[in-house]
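Each chain, written out:
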Amino acid sequence: MSLTRRNFVLGTSAIAGAAIIGAPRHARAAAEPLRIGWLAALTGPSSAPGIGFDRGVKFAADTLNAAGGVKGRKVEIITRDTQGDPTKAVNATQEMINSQKVHAIWGPTNSGESLAVTPIMARAGIPNIHPCVVDTLIDTKKFPNAFRIAPSNGQWDDAVRGYCLKVLKVKKIAIIGDTTGYGVTAVKACVANFKRDGADVVYSNNIDATQTDMTPDMTRARNAGAEVIVIWSVSTGMEARLFNTRAEMNWDVNFAGHPSMASGEIRGLLAKPQNWDKVYAVGYRSCSYGADGKLPARSQEFVDKVQGKVNLEDTLFWWVTAGYDAVNMVAKAVQEGAGSSKDIIAYWNTLHPYPGYFGDYTYTPEEHNGYPTADVVMSAANSAKHGTFLLAPGYV
């Protein structure tokens, strides 16, 4: 409701009276900020996605507030840097729920953290939207409050496996992940799925993302006859060291796997630019440009919108757009009348679909995996332009 100076003067005594007997709950809610918790790994070895998501989060909040907020309510982002540490994520989640009284939580960005905090948010009934890919994080019976904005790891794994077997036409696979909860889970599932489809997994291991020398693992993979190295890690430092080691070994082997292998951070970590050749990362049609250099119309709209305001050159377009979409999905629920956490969850359950910049998300009470499988593709990791990529060879 807009408030003129005259209305304010005339209403002073009424407001004072309401304060004495306690203002109506809906009036207090309308006046308070819309508080969105943001569990972000902004520092540490797993920080690349968090930094990209954070740019989208800030841009979304700034844009909403510049337009007057949500029904007159300022959007307030309560950010806590979890550093990729599940213990820090647990502490931050409890603070957001108990002290900050947030209305919804976006994040964490790391599946290991999300495994630790998802049950906490479920018990509190806090609407949670996250980009974490471990399949078990979405369960509408156990976690009716949790919604996934990105594909599941199963969708990623299907895209990588299909590309390796059907496009690259390789049969001997090496699979490497980091030692986070995500990395361990992803490698285990990937090994099982490749074997199920008849491939020979000649080497697999989980290594510490801070390990400086990748030669032992790469040597074992080569000696085992690997024709492709599949990587499951968000650590760009670890990935760059693997790419550099491949070059030092004069080994012409393909890499395929996690989207972070295409992060702009990697460019500054490479011994030579060509060390990024023959690296294929999970990507999305909304974040892919064609042979004519053009993006889908909605994606180009976002690039134009953030021009000069958000740096897309050293991050991934999907990280930024997913952060932007997540904040706007909370705001849209409130704009449409959601007055409680339960109402926000109920609203998200009706999205068929929600037209975001990263994708069109569809949710029902029985399905909280919202990203369309058909839009998960593979990208040439070194082809970045505004955080978007050329489709990997073999795609139309």
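Please read all numbers here as calculations on a predicted model, not as lab measurements. Sequence order as written defines the numbering, with residues in each chain counted from 1. In view of the model being predicted, local features appear only for residues whose pLDDT reaches at least 70, and side-chain atom pairs are presented and counted only at 80 or more, with totals across whole chains, interfaces and linings using the full set of residues. Excluded from the side-chain calculations are hydrogens and water; all other atoms, namely the structure's heavy atoms, are used.

A. Region of interest: the domain arrangement of the protein chain. For the protein chain, the assigned domains are domain 1 (34-152 + 298-373) and domain 2 (154-291 + 377-391). Here, two residues are considered to be in contact whenever any of their heavy atoms come within 4.5 Å of each other. With 28 residues of domain 1 at the contact, the number on the domain 2 side is 25 residues. Note on terms: buried area is the combined drop in 1.4 Å-probe accessible area of two parts once they are placed together, counting the loss on both. Carbon and sulfur atoms make up 61% of the area that domain 1 and domain 2 hide from each other, which totals about 2300 Å². Salt bridge, as applied in this entry: a Lys or Arg side-chain nitrogen positioned within 4 Å of an Asp or Glu carboxyl oxygen. Our enumeration of links across domain 1 and domain 2 arrives at 0 salt bridges. Here a polar contact means two N or O atoms within 3.5 Å. Within protein one must be a hydrogen donor candidate and the other an acceptor candidate, and residues neighboring in sequence count only if both atoms are side-chain atoms. On inspection of domain 1 and its partner domain 2, the count reaches 11 residue pairs in polar contact (both at pLDDT 80 or more). Comment: elements are numbered from the N terminus, with helices defined as DSSP H or I runs of at least four residues and strands as E runs of at least two. At the level of elements, α4 (47-66), α6 (111-124), α11 (297-306) and α12 (317-335) are the ones that each hand at least two residues to the side of domain 1 that touches domain 2. Note that domain bounds follow an automatic or database assignment of domains.

B. Expanded view of the sheet that holds strand β7 (residues 200-207). Pairing between strands is defined by DSSP: at least two bridges between the two strands are required. Read from one edge of the open sheet, 6 strands run β7-β6-β8-β9-β10-β14, paired in mixed fashion. Of all the strands in the sheet, the pair left with one neighbour each is β7 and β14 (376-380). Ignoring which end each strand starts from, the neighbouring axes of this sheet average 25° apart. Two elements, strand β6 (residues 172-178) and β7, share 7 bridges in a ladder whose sense is parallel. Opposite Asp178, over in β7, you have Ile207 as the bridge partner. Fitted lines through C-alpha atoms serve as axes, helices being fitted only where they are in contact, and the angles separating the N-to-C directions of these axes extend from 0 to 180 degrees. With respect to the sheet, helix α9 (residues 215-223) is in contact with β6, β7, β8 (228-232) and β9 (254-257), its orientation differing from that of β7 by roughly 175°.

C. Fine view of the sheet that holds strand β3 (residues 104-106). Strand order in the open sheet made by the 5 strands is β2-β1-β3-β4-β5, with parallel pairing throughout. The sheet is open, and its two edges are formed by β2 (75-81) and β5 (146-148), each paired on a single side. Mean inter-strand twist for the sheet, computed between neighbouring axes without regard to direction, equals 20°. Alignment of β3 against strand β4 (residues 128-130), held across 2 bridges, turns out to be parallel. By the bridge assignment, Trp106 is partnered in β4 with Ile129.

D. Expanded view of the side chain of Asn254. Along the chain, the position of Asn254 falls in strand β9. Per-residue accessibility, obtained with a 1.4 Å probe over protein chains only, is compared with the maximum for each type, and a residue is labelled buried under 20%, exposed over 50%, and partly exposed between these values. Asn254 gets classed as buried once you look at its relative accessible area, which sits at 10%.

E. Up close: the nonpolar core. We call a set of buried Ala, Val, Leu, Ile, Met, Phe, Trp, Tyr and Cys residues a nonpolar core when their side-chain atoms join them within 4.5 Å. If you look at the biggest cluster of nonpolar residues, it comprises 112 residues, and the most contacted ones within it are Ile175, Phe194, Ile229, Val230, Trp232, Trp318 and Trp348. The leading source of residues in this core is α12, at 13 residues. For this core, the domains that each give at least three residues are domain 1 (34-152 + 298-373) and domain 2 (154-291 + 377-391). With residues up to four places along the chain from it excluded, the contact list for Ile229 reads Ala174, Ile176, Ala221, Trp251, Val253, Asn254, Phe255 and Ala256. Counting 13 residues, the second largest nonpolar core, distinct from the first, contains Val90, Val102, Ile120 and Met121.

F. Representation of the packing of aromatic side chains. Classification of ring pairs rests on two measures: the distance between centres of Phe, Tyr or Trp rings, Trp counted by its six-membered ring, which must be within 6.5 Å, and the angle between planes, read as stacked under 30 degrees, edge-to-face over 60 and tilted in between. Counted according to the given criterion, the structure contains 25 aromatic pairs. Arranged with centres 6.4 Å apart and planes meeting at 15°, the rings of Tyr354 and Tyr361 form a pair that is stacked. Taken as a pair, Tyr354 and Tyr361 share a single burial class, namely buried. A connected cluster of aromatic rings, assembled from ring pairs, spans Trp38, Phe53, Trp106, Trp156, Tyr284, Trp318, Trp319, Tyr354, Phe358, Tyr361 and Tyr371. Across from the ring centre of Tyr289, 4.3 Å away, lies the NZ or CZ of Lys385, which sits over that ring. Consider the ring centre and the ring normal. A charge sits over the ring if Lys NZ or Arg CZ is within 6 Å of that centre and within 35 degrees of that normal.

G. Highlighting the UniProt feature "domain: Leucine-binding protein" (unreviewed entry) in the protein chain. UniProt's entry tags residues 33-371 with the feature "domain: Leucine-binding protein" (unreviewed entry), counted in the numbering of this structure. The straight-line gap between the two end C-alpha atoms of residues 33-371 is 29 Å; of that span, 40% is helix and 17% is strand. UniProt positions are given in the numbering used here, feature names are shortened, and annotations may be inferred rather than shown by experiment.

H. Layout of the state of the cysteines. Here, a disulfide means two cysteine sulfur atoms that sit within 2.5 Å of each other. The full count for this structure, using the stated rule, is 0 disulfides. No disulfide involves Cys287; its nearest neighbouring cysteine sulfur is the one of Cys132, lying 17 Å away.

I. Summary view of α6. In a regular helix each residue adds 1.5 Å, so 14 residues correspond to 20 Å; α6 covers 20 Å between its end C-alpha atoms and thus fits that length. Considering bend angle alone, the principal kink of α6 is centred on Val117 and spans about 35°; proline Pro119 follows within four residues of it. Within the sequence span of α6, burial applies to Ser111, Gly112, Glu113, Ser114, Val117, Thr118, Ile120 and Met121. Here α6 starts with a cap whose side-chain oxygen sits 2.7 Å from the backbone nitrogen of Gly112, and that cap is Asn110. Remark: Gly125 follows α6 within two positions and exhibits a positive phi of approximately 70°. Expected span of a helix, by definition, is 1.5 Å for each gap between consecutive residues, and there is one gap fewer than residues. Given a residue, its bend is the angle between the two axes fitted to the seven residues that end at it and to the seven that start from it.

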